[in-house]
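# Summary of structural features
The residues making up each chain are set out below.
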Amino acid sequence: MSSPTPDSLLGPADIRELAAALGVRPTKQRGQNFVIDANTVRRIVRTAEVRPDDVVVEVGPGLGSLTLALLETADRVTAVEIDDVLAAALPATIAARMPDRADRFALVHSDAMHVTELPGPAPTALVANLPYNVAVPVLLHMLDTFPSIERTLVMVQAEVADRLAAAPGNKVYGVPSVKANWYADVKRAGAIGRNVFWPAPNVDSGLVSLVRRAEPIKTTASKAEVFAVVDAAFAQRRKTLRAALAGWAGSAAAAEAALVAAGVSPQARGESLTVEEFARIAEAASSRGAAPAPRNQESGK
């Protein structure tokens, strides 16, 4: 038997009853694993340092476990939900369990990757249990689209959390690490057990904290130019940058010239570079009049 859920938050029995009433079965396709533990969602809100004046955006609210905990503390919460049934049901759940805060809740029924504006005041924080299969692209899209987001705390697969928070030289340091660091200072902020989810996932979860940089990285290169270098550098991890960036630069010689101009060893590998060094490489290529058009990771081989 589960213990009663304190206050207005959802417990295991509440989640299952809601799901049954809605005919909802969590799907792997959308990476749905609902949090069923009230202590866990309150811990997430505390770890995110949500303040009474915060306007929080949540991606993938599901049945509303974390949404209700956020509404306890934040000034406003806007939830972005792609699932038709869940999006239709959430406002009623909020109204029933937290009626005095219902006017501070807004729902955007959309794919988060397509969201370019939100109702009400600009968001100051992003707090979410992100679907594992789209966690990194959704996170980067939200940080890029909403520069007003100062603090972010996301729950993701532990492996993804490690990648996002990895420092140069770490074996899992890669494209997500560098791109997240373009926007924010990133760190691991804890682990989450499997038994707080329904259904329990077969992987561990982790919390990642991102605090937006007070000052953007100083570079004359555009974000697209910098990210093109990053994609190319990691498309062939085992190669030196001189070789890995040859396709991006047009030739190995052009890649070497850009690297030397940026003060980066042509024999270095992508996993040893900071985001600032990637920016210097993009800037060096641009200043030499040889900056290639940004390309995606697949074509950066």
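Residues numbered from 1 in each chain as written. Predicted model: local features only at pLDDT ≥ 70, side-chain atom pairs only at ≥ 80, totals over all residues. Heavy atoms only, no water.

### Some details on the overall build of the protein
Secondary structure assignment for the protein yields twelve helices and nine strands. Taken over C-alpha atoms, the radius of gyration comes to 21 Å for the protein, in line with the 19 Å a tight globule of 301 residues would show. Its C-alpha atoms put the protein at 65 × 40 × 30 Å along the principal axes. Out of the 301 residues belonging to the protein, those deemed buried represent 50%. Long-range contacts, defined here as pairs at least 24 residues apart, represent 71% of the contacts in the protein between residues at least 6 apart. (Helix = DSSP H or I, 4+ residues; strand = E, 2+ residues; numbered from the N terminus. Rg over C-alpha atoms; globule rule 2.2 N^0.38 Å. Buried < 20%, exposed > 50% of the residue type's maximum accessible area, 1.4 Å probe, protein only. Contact = heavy atoms within 4.5 Å.)

### Some remarks on the sheet that holds strand β4 (residues 105-109)
Spatial strand order, β4-β3-β2-β5-β6-β9-β7: seven strands in an open sheet with mixed pairing. Of all the strands in the sheet, the pair left with one neighbour each is β4 and β7 (184-192). Averaged over all pairs of adjacent strands, the angle between their axes in this sheet comes to 20°, without regard to strand direction. Across seven bridges, the pairing between strand β6 (residues 151-157) and strand β9 (residues 205-212) is antiparallel. Each bridged residue has a counterpart across the sheet, and for Arg 151 the counterpart in β9 is Val 211. Taken strand by strand, helix α2 (residues 38-47) contacts β5 (125-129), β6, β7 and β9, and its axis lies near 155° from that of β7. Sitting on the sheet, helix α5 (residues 135-145) touches β2 (55-59), β5, β6 and β9, and the angle it makes with β6 is about 170°. (Pairing = 2+ DSSP bridges. Axes fitted to C-alpha atoms, helices over the stretch in contact; angles between N-to-C directions.)

### Considerations on α5
A turn of α-helix holds 3.6 residues, and therefore any two residues three or four places apart point the same way. Summarising burial for α5: eight of the eleven residues are buried, a large majority. Three or more residues of α5 are buried, namely Ala 135, Val 136, Val 138, Leu 139, Leu 140, His 141, Met 142 and Leu 143. The inward-facing, buried residues of α5 contact β2, β5, β6, α6 (158-165), α7 (175-183) and β9.

### Considering the packing of helix α3 (residues 65-73) against helix α4 (residues 84-97)
Two numbers describe a pair of packed helices, the interaxial angle and the distance between the axes. Running from N to C, α3 and α4 point in directions that differ by 50°, and their axes come no closer than 11 Å. The angle between the axes of α3 and α4 places the two elements in the oblique class. Taken as a pair, α3 and α4 cross one another with a handedness that is right-handed. Contact with α3, carried on its side by Thr 67, Leu 68 and Leu 71, involves Leu 90, Ile 94 and Arg 97 of α4 and no other residues of that element. (Parallel < 35°, antiparallel > 145°, perpendicular 65-115°, else oblique. Left-handed = near helix turned anticlockwise from the far one by under 90°.)

### Quick word on the packing of aromatic side chains
Applying the stated criterion across every chain, the model contains five aromatic pairs. Their ring planes at 35° and their centres at 6.2 Å tell us that Phe 34 and Trp 198 sit as a pair that is tilted. With a gap of 164 residues between them, Phe 34 in strand β1 (residues 34-35) and Trp 198 in strand β8 (residues 197-198) connect regions that are remote in the sequence. What makes Trp 198 partly exposed here is its relative accessible area of 21%. Centre to centre, the rings of Phe 234 and Phe 278 are 5.9 Å apart; their planes meet at 45°, and the pair counts as tilted. Residue Phe 234 is located in helix α8 (residues 223-235), and its partner Phe 278 is located in helix α12 (residues 275-287); the two are separated by 44 residues in the primary sequence. (Phe/Tyr/Trp six-rings, centres within 6.5 Å; stacked < 30°, edge-to-face > 60°.)

### Examining the confidence of the model for the protein
The predicted coordinates ought not to be read in detail in places where the model reports low pLDDT. A residue-level look at the protein finds 91% of positions with pLDDT of 70 or above and a mean pLDDT of 91. For residues 1-6, every residue scores under 50 in pLDDT, and the model assigns this stretch seven contacts once sequence neighbours within four places are set aside. In the model, residues 295-301 has pLDDT below 50 throughout and makes 17 contacts with residues more than four positions away in sequence or in other chains. (pLDDT = per-residue confidence, 0-100.)

### Digging into the pairing of β2
The buried fraction of β2 amounts to five of the five residues, a majority that puts the element mostly inside the structure. A two-sided burial pattern is seen for β2, the buried positions comprising Val 55, Val 57 and Val 59 on one face and Val 56 and Glu 58 on the other. With five bridges joining them, β2 and strand β3 (residues 76-81) adopt parallel strand pairing. In the strand pairing of β3, Val 59 is matched with Val 80. With respect to chirality, the unit in which β2 leads through α3 into the neighbouring parallel β3 is right-handed. Strand direction decides the pairing type here: β2 and β5, joined by two bridges, are parallel. (Right-handed = clockwise from strand over helix to strand, strands pointing away.)

### What about unusual backbone geometry?
Along the chain, Trp 198 connects to Pro 199 via a cis peptide bond; the corresponding omega equals -10°. Of note, Pro 199 is situated in the loop between β8 and β9. The backbone of Glu 49 sits at a positive phi, close to 55°, despite the residue not being glycine. Tracing the backbone shows Glu 49 in the loop between α2 and β2. Relative accessible area serves as the criterion here: at 55%, Glu 49 is assigned to the exposed category.

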